[in-house]
Amino acid sequence: MDKAKSMMDKKGASGPFHVNNGQSQRGFHGNVAVAANGSCCGGNAFGSNIGPNSTIESIHHLHRGDDAECNGSPAKRCRLRRRTESVRRSRPPFPWFGMDIGGTLVKLVYFEPVDITAEEEQEEVENLKSIRRYLTSNVAYGKTGIRDVHLELRNLTMCGRTGNLHFIRFPTQAMPRFIQMGHDKNFSSLHTTLCATGGGAYKFENDFRTVADLELLKLDELDCLIRGLLYVDRVGFNGHPECYYFQNPSDTQSCVKKPCTLDNPFPMLLVNIGSGVSILAVYSEDNYKRVTGTSLGGGTFLGLCCLLTGCETFEEALEMASKGDSTNVDKLVKDIYGGDYDRFGLQGSAVASSFGHMMSKEKRDSISKEDLARATLVTITNNIGSIARMCAVNEKIERVVFVGNFLRINTVSTKLLAYAMDFWSKGQLRALFLEHEGYFGAVGALMELLKTTEDP
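None of the values given here were measured: they were computed from a predicted structure.

**Q** Account for the nonpolar core, naming residues and giving values.
**A** With 41 residues, the main nonpolar core has Met158, Leu165, Leu229 and Leu270 as its most contacted residues. Sequence-distant contacts of Leu270, that is, excluding residues within four places in its chain, are made with Leu225, Ile226, Leu229, Ser278, Ile279, Leu280, Val282, Val401 and Val403. Ala317, Leu318, Ala321 and Ala373 belong to the second-largest nonpolar core, a separate cluster that totals 37 residues.

**Q** Can you explain the confidence of the model for the chain? Please cite residues and give values.
**A** Of all residues in the chain, 79% attain a pLDDT of 70 or more, and the chain-wide mean is 83. Scored below 50 in pLDDT, residues 1-30 shows 77 contacts in the model against residues more than four places distant or in partner chains. Across residues 37-70, where pLDDT falls below 50, the model places 114 contacts with residues more than four positions away in sequence or in other chains.

**Q** Explain the pattern of salt bridges residue by residue, including any values.
**A** For the coordinates displayed, the defined rule picks out 18 salt bridges. Ionic pairing is found between Lys218 and Glu205, a salt bridge with its closest N-O pair at 3.0 Å. Of this pair, Lys218 sits in strand E9 (residues 215-219) while Glu205 sits in helix H8 (residues 198-212), and the two are 13 residues apart along the sequence. Glu205 carries the same exposure label as Lys218, and that label is buried. Glu319 is the partner of Lys323 in a salt bridge, and the nearest nitrogen-oxygen pair spans 3.3 Å. You can see Lys323 and its partner Glu319 sitting in helix H11 (residues 314-323), four residues apart, about one turn around the helix. Residue classification places Lys323 among the exposed residues on the basis of a relative accessible area of 60%.

**Q** Any details on helix H6 (residues 126-137)? Residues and values, ideally.
**A** In this model, H6 (twelve residues) spans 16 Å end to end at C-alpha, consistent with the 16 Å of a helix rising 1.5 Å per residue. When we look at burial in H6, the residues that qualify are Leu128, Lys129, Ile131, Arg132 and Leu135. What you see down the axis of H6 is that its buried residues fit within an arc of 160°, all on one side. Among the structural elements, strand E2 (96-101), strand E3 (105-113), helix H5 (118-123), strand E4 (140-141), strand E5 (145-147) and strand E7 (161-171) are those in contact with the buried residues of H6.

**Q** Provide a residue-level description of the side chain of Arg161, including the pertinent values.
**A** With respect to the helices and strands, Arg161 occurs in strand E7. Not counting residues within four places of it along the chain, the set of residues in contact with Arg161 comprises Arg91, Phe94, Trp96, Phe111, Pro113, Asp115, Ile116, Glu120 and Leu156.

**Q** Break down the environment of Ile387 for me, with residues and values.
**A** Residue placement: Ile387 occurs in helix H14 (residues 369-395). Among the residues examined, Ile387 registers a relative accessible area of 17% and is labelled buried. Sequence separation between Ile387 and Ile279 is 108 residues; the distance between their C-alpha atoms is 8.9 Å.

**Q** Could you give an account of the environment of Val139, naming the residues involved and the relevant values?
**A** In this structure, Val139 sits in the loop between H6 and E4. Expressed as a C-alpha distance, the spacing of Val139 and Val149, which sit ten residues apart in the sequence, is 7.1 Å.

**Q** Describe the sheet that holds strand E12 (residues 268-273), with residues and values.
**A** Sheets are built from strands that pair by backbone hydrogen bonding, the pairs being arranged parallel or antiparallel. The seven strands lie next to each other as E11-E10-E18-E17-E12-E13-E14, forming an open sheet whose pairing is mixed. Each edge of the sheet is formed by a strand with only one pairing partner; in this case those strands are strand E11 (256-260) and strand E14 (288-294). Mean inter-strand twist for the sheet, computed between neighbouring axes without regard to direction, equals 30°. Sheet analysis places E12 next to strand E13 (residues 277-282), joined by six bridges and oriented antiparallel. Looking across to E13, one finds that Leu269 is bridged to Ala281.

**Q** Give me the side chain of His436: which residues, what numbers.
**A** Tracing the backbone through its elements, the reader meets His436 in the loop between strand E18 (430-434) and helix H16 (440-454). For His436, a relative accessible area of 0% corresponds to the buried category.

**Q** An account of a nonpolar patch on the surface is requested, with residue identities and associated values reported.
**A** Together, Leu304, Leu307 and Leu308 give the surface a local cluster of nonpolar side chains, amounting to about 280 Å² of exposed area. Locating Leu308 in the fold gives a position in helix H10 (residues 298-309). Look at Leu308 and you get partly exposed, because its relative accessible area is 35%.

**Q** Pulling in residues and values, what's your account of the layout of surface pockets?
**A** In this model, the largest pocket occupies a volume close to 1000 Å³. Around the largest pocket, the lining is made up of 35 residues, and of these Ser349, Val378, Asn382, Leu416 and Tyr419 lie nearest the centre. If one sorts the elements of the lining of the largest pocket by residue count, helix H15 (residues 411-424) sits on top with eight residues. The residue makeup of the lining of the largest pocket, split by class, is 17 nonpolar, twelve polar and six charged.

**Q** Give me the lowdown on the packing of aromatic side chains, citing residues and values where you can.
**A** Under the defined criterion, the tally for this structure stands at 17 aromatic pairs. Between Phe423 and Trp424, the aromatic rings sit 4.8 Å apart at their centres with planes inclined by 85°, giving edge-to-face as the arrangement. Aromatic rings pair up to connect Tyr244, Phe246, Phe402 and Phe433 into one cluster. When the ring centre of Tyr244 is taken as origin, the NZ or CZ atom of Lys257, which lies over that ring, is 4.2 Å away. Over the face of the ring belonging to Tyr245 we find Arg430, whose NZ or CZ atom lies 3.9 Å from the ring centre.

**Q** Kindly report on the pairing of E14, identifying the contributing residues and their values.
**A** Here E13 runs beside E14; their pairing, made up of six bridges, is antiparallel. Residue pairing across strands places Ile279 opposite Thr292, the latter belonging to E14.

**Q** So what about H15? Which residues, and what values?
**A** Its 14 residues give H15 an end-to-end C-alpha distance of 20 Å, which sits within 8% of 20 Å, the value for a rise of 1.5 Å per residue. Turning to H15, its buried residues are Ser413, Thr414, Leu417, Ala418, Ala420 and Met421. The arc enclosing the buried residues of H15, seen along the axis, measures out at 165°, which places them on a common side. Against strand E10 (243-247), E12, H14, strand E17 (399-403) and E18 lie the buried residues of H15. Lys426 sits one or two residues past H15 and shows a positive phi near 55°.

The rules behind these values
Residues numbered from 1 in each chain as written. Predicted model: local features only at pLDDT ≥ 70, side-chain atom pairs only at ≥ 80, totals over all residues. Heavy atoms only, no water. Core = buried A, V, L, I, M, F, W, Y, C linked by side-chain atoms within 4.5 Å. Buried < 20%, exposed > 50% of the residue type's maximum accessible area, 1.4 Å probe, protein only. Contact = heavy atoms within 4.5 Å. pLDDT = per-residue confidence, 0-100. Salt bridge = Lys/Arg side-chain N within 4 Å of Asp/Glu carboxyl O. Helix = DSSP H or I, 4+ residues; strand = E, 2+ residues; numbered from the N terminus. Expected span 1.5 Å × (residues − 1). Arc of directions from axis to C-beta. Pairing = 2+ DSSP bridges. Axes fitted to C-alpha atoms, helices over the stretch in contact; angles between N-to-C directions. Patch = residues over 30% accessible without salt bridge, like charges linked within 9 Å, V, L, I, M, F, W, Y side chains within 5 Å. Areas by Shrake-Rupley, 256 points an atom, 1.4 Å probe, with all protein chains shown as cover. 1 Å grid on protein atoms, 1.4 Å probe; cavity = no way out; pocket = protein on both sides within 12 Å on 5 of 7 lines; lining within 4 Å. Points joined across faces, edges and corners; volume = space filled by probe spheres on them. Nonpolar A, V, L, I, M, F, W, Y, C, P; charged D, E, K, R; others polar. Phe/Tyr/Trp six-rings, centres within 6.5 Å; stacked < 30°, edge-to-face > 60°. Lys NZ or Arg CZ within 6 Å of the ring centre and 35° of its normal.

Now the structure itself:
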C-alpha cells in the first residue's frame, strides 16, 4: 500500500503532486492559504491534520470556557488571561483565506469573523476593512466571479474565533487580474507570504512575486483535498449532513436524494473530477495513494462543448445538455441487437458506442446542439464511472465518494454516476456526493494555514 508521504518529494521538486506531508512551517506568521489543482469551470474576482484532540479543537474549548473560568479566583482569571493572550499570539492575523487554483477554476474560501471586539475594530487597518466589506457585501465580482451564498457555513469556531466561511469562485484565466488587484490594494502590507499548492501555485508563483510582492509557500493539493473534505463533513452543513446519495438510482421515477454521514469513512475511494480526474484510495487522513486518473474530465466536457455547440461557459453547456437527447448521438445496444443483449445482462438502452450515430450524414443533419452537449456529458460521465468502478473492485473498497466542480449544478452526472455504480456492481457499490463539491482543496489550505501558525 502506497502512502502519500512515500510517493512525493517533501521539498516540492516533483511538480504538481508535491506533498507537504503535513509538516509545519516554523516561525511563519501572517499567511494566506492557497491550494491549486485541476478543477472545472466558473471573471474578474475581488475587483490539516485536525482531529478531536487537535490544537484548533483545544483552542475552541478554551474559547467556550471563558465565561465559566472568569467566575473563578483572581489567580485562575490571571491564568486564563495569559492562556488567551498566548492563543491570540499564535493564530494568524486576518484576513484568513484558503485558495485552490485549478486548471479551469479558482476556488476561494474566506473566514469572516463575527466576534470582532470594539478594540479590534478600532485597530483594524482600512485595507482589511475594505476586503471584508467587499467580499461579504457582494454575491458577484465582475462578470463571472461568484460567491456561492447557498454554501456558506455559519457560526463556525476556528482557531478560537467565531465566524462565517464564504465560498467564492472565478475562472483561472482571471488570475492575472486577481494578482494585479493584490498589487493595487497593497495586499503585501497585510500578508507577506501565501501558502500555495499544485499547478496554479507553480504556474503563477513568479507573477505573485514580481507583480504583487507576495511569496508562495506551496502545499500539496491532495493533502488539502482530503483534509478539507474530512473537516467539512465533521462540522456539517449548518446542522445538516454534508454527504448525500441517491436512493433507487436505477428508477428515474423514484430516484430521490438522501442525506447521510461519512461515519467511519475509511477506506474510501475518492474520485476528484476537475479539469481532469484523480482517483485516490484513502485509508486515513495521512495514508492514501493515487490509484489512477484520466485526462477526460470537466475540462474535456467544457472544451468539447465549446467546439461542438459554440457555448462559452460551463453553466451554458449544462443548460444545453439538460435539454438534449444523447440517444440521437450515441449508438445503443438496441441499435445493434434490436433489443437487450441478455447473455451478458446488457440492456438495450445501454450505450454501445458514444457518438456512434455521427458516422451517418443523415443523423448528423438531424441532431441539435443540445443533443451534442448531452452526449458529451454522458460520454465523459460514463467513462469516469467505469474507471471508478474498476478501481473500487481492484482496491476492494465499497465506499466511493465523488467530488469536484464538474459536479456543481450537474444533477445529470450525479444521477448517472449513482446509477452506474449501483447497476454494474449489482447494488454492492453506492456513489456518495458532497454539497461543497469542489471547495475542499481551498478549505484544506485554510486548515493548513491555521495549523501552520499554531505549531510551536
